[in-house]
Amino acid sequence: MSERLKEWGYDGPESEGVARVVSAHGDYFHLICSEKPEGEALARTKSSAFRDMPKPVTGDFVRFKYNPQGESRITELLPRFSFLERLDPSSSGMKAQTLAVNFDTLFFAMAVNGNASAARLERMLALAEASECRSRVVVLLTKCDLEDAKGLVEEFKSFDVPVLEISSLTGQGMEAVREFVQPRRTVAVVGSSGVGKSSLVNALAGEEWMATGEIQEWSGKGRHTTTSRELVMLPCGAMALDTPGLRELGIFGMDGFELKGRLGGTHRFRTKG
Ligand code: GDP
């Protein structure tokens with residue numbers, strides 16, 4: 001059996017007919033699979049199979065019918081071993097919006113000179129708890145070359161979650177980050193736009209694979225540019241899942257919303273302007 005899918009994080013018994021979604025473009029999904037010769041495929045979902053099932057997102061493992069001549073068909077969404085989701089603010093019902101799936105570690109990035117706060121961290125952890133993935137959260141205080149982070153680190157102590165002080169610019173803290181970035185493991189990076197998510201992934205990749213904001217140099221006043229989600233293989237063999245900025249997704253930008261966890265608990269989110 002080909003090792004390819006295992007390298008992409010699959011640890012099931014048989015990888016034949018299984019693939020991982022590395023990007024989604026409307027109805028089309030770019031898949032990594034063990035099938036030769038390319039080891040990848042372009043696929044659409046089989047509509048009858050997905051009538052009552054959520055569509056795959058980047059990071060998902062799926063079952064599919066390979067067509068070497070053309071379009072392959074996704075027939076099944078495989079169970080997610082982790083996920084982060086929230087209530088879709090645009091739906092009136094209780095529809096969940098999936099933010100990231102199948103990650104081993106969830107990096108929650110906040111800029112030391114920007115939006116880092118205990119309130120923000122608390123909301124994020126409530127969201128992670130509702131998605132049953134709190135134990136996977138690691139806080140990244142980014143842009144530590146711009147400001148001292150000691151005060152925030154002290155403030156965050158009570159949350160009982162790892163807090164790393166980093167700078168993608170100087171390389172500060174990257175050793176600690178790399179401990180969570182291991183072969184065959186997936187890290188998801190979430191956080192508001194401009195906090196330095198793409199810069200971090202670029203630093204881990206050691207090259208410019210993803211456009212960082214063509215923003216006011218290294219001033220800390222980043223604007224948002226990341227628009228699509230992509231699962232990227234890093235040179236060390238780990239995968240990074242970049243996600244859109246949370247503000248765009250509405251997590252922190254709303255007046256308040258309720259989120260029902262899988263375990264039945266309800267979390268009320270409020271933002272202060
Ligand atoms: P994203 O929207 O979260 O992906 O943020 P980007 O990676 O695009 O970065 C936003 C802005 O912050 C850009 O101008 C980056 O150059 C800048 N930036 C990112 N990381 C650092 C850092 O560690 N230190 C400093 N000073 N600036 C950074």
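Refer to the structure presented above.
Residues numbered from 1 in each chain as written. Predicted model: local features only at pLDDT ≥ 70, side-chain atom pairs only at ≥ 80, totals over all residues. Heavy atoms only, no water.

Trainee: Lay out the packing of aromatic side chains in plain terms, naming residues and giving numbers.
Mentor: Pairs of aromatic rings are described using the distance from one ring centre to the other and the angle between the two planes. All told, the structure shown has four aromatic pairs when counted by the stated rule. Ring geometry for Tyr10 versus Phe61: centroids 5.6 Å apart, planes at 55 degrees, classification tilted. One end of the pair, Tyr10, is in the loop between helix 1 (4-7) and strand 1 (18-25); the other, Phe61, is in strand 4 (residues 61-65), with 51 residues separating them in the sequence. (Phe/Tyr/Trp six-rings, centres within 6.5 Å; stacked < 30°, edge-to-face > 60°. Helix = DSSP H or I, 4+ residues; strand = E, 2+ residues; numbered from the N terminus.)

Trainee: Tell me about the nonpolar core, and please be specific about residues and values.
Mentor: Counting 38 residues, the largest nonpolar core has Leu84, Leu106, Leu121 and Phe156 as its most contacted members. Of all the secondary structure elements, the ones that give two or more residues to this core are strand 1, strand 7 (96-101), strand 8 (105-111), helix 2 (118-130), strand 9 (137-142), helix 3 (150-156), strand 11 (186-190) and strand 13 (239-242). Contact partners of Leu106, with chain neighbours within four places excluded, come to Leu84, Met124, Arg136, Val137, Val138, Ala188 and Val190. Counting residues in hydrophobic clusters, the runner-up holds 20 residues, among them Val138, Leu140, Val187 and Val189. (Core = buried A, V, L, I, M, F, W, Y, C linked by side-chain atoms within 4.5 Å. Buried < 20%, exposed > 50% of the residue type's maximum accessible area, 1.4 Å probe, protein only. Contact = heavy atoms within 4.5 Å.)

Trainee: Describe the pairing of strand 12 (residues 230-233), listing the residues and the values that go with them.
Mentor: Two elements, strand 12 and strand 13, share four bridges in a ladder whose sense is antiparallel. Within strand 13, the position partnered with Met233 by the bridge is Met239. The antiparallel hairpin formed by strand 12 and strand 13 contains five residues in its connecting segment, where Gly237 sits at a positive phi of about 95 degrees. (Pairing = 2+ DSSP bridges.)

Trainee: Please set out helix 5 (residues 197-205) residue by residue, giving values where relevant.
Mentor: Burial of helix 5 is extensive: eight of the nine residues sit out of reach of the surface. Packed against the buried residues of helix 5 are strand 8, strand 9, helix 4 (174-178), strand 11 and strand 13. Looking at the residues trailing helix 5, positive phi occurs at Gly206, about 75 degrees.

Trainee: I'd love a proper account of the environment of Glu147, names of residues and values included.
Mentor: Locating Glu147 in the fold gives a position in the loop between strand 9 and helix 3. Linking Glu147 and Ala111, residues 36 residues apart in sequence, is a C-alpha distance of 9.5 Å. Apart from the residues within four sequence positions on either side, Glu147 is in contact with Val112 and Asn113.

Trainee: Can you lay out the pattern of salt bridges for me, pointing to particular residues and giving the numbers?
Mentor: In the structure shown here, the tally under the stated rule is ten salt bridges. Ionic pairing is found between Arg73 and Glu71, a salt bridge with its closest N-O pair at 3.4 Å. The closest approach of N and O atoms between Lys157 and Glu154, which form a salt bridge, is 3.2 Å. Lys157 gets classed as exposed once you look at its relative accessible area, which sits at 58%. When salt bridges that share partners are traced, they join Arg44, Glu71 and Arg73 into one network. (Salt bridge = Lys/Arg side-chain N within 4 Å of Asp/Glu carboxyl O.)

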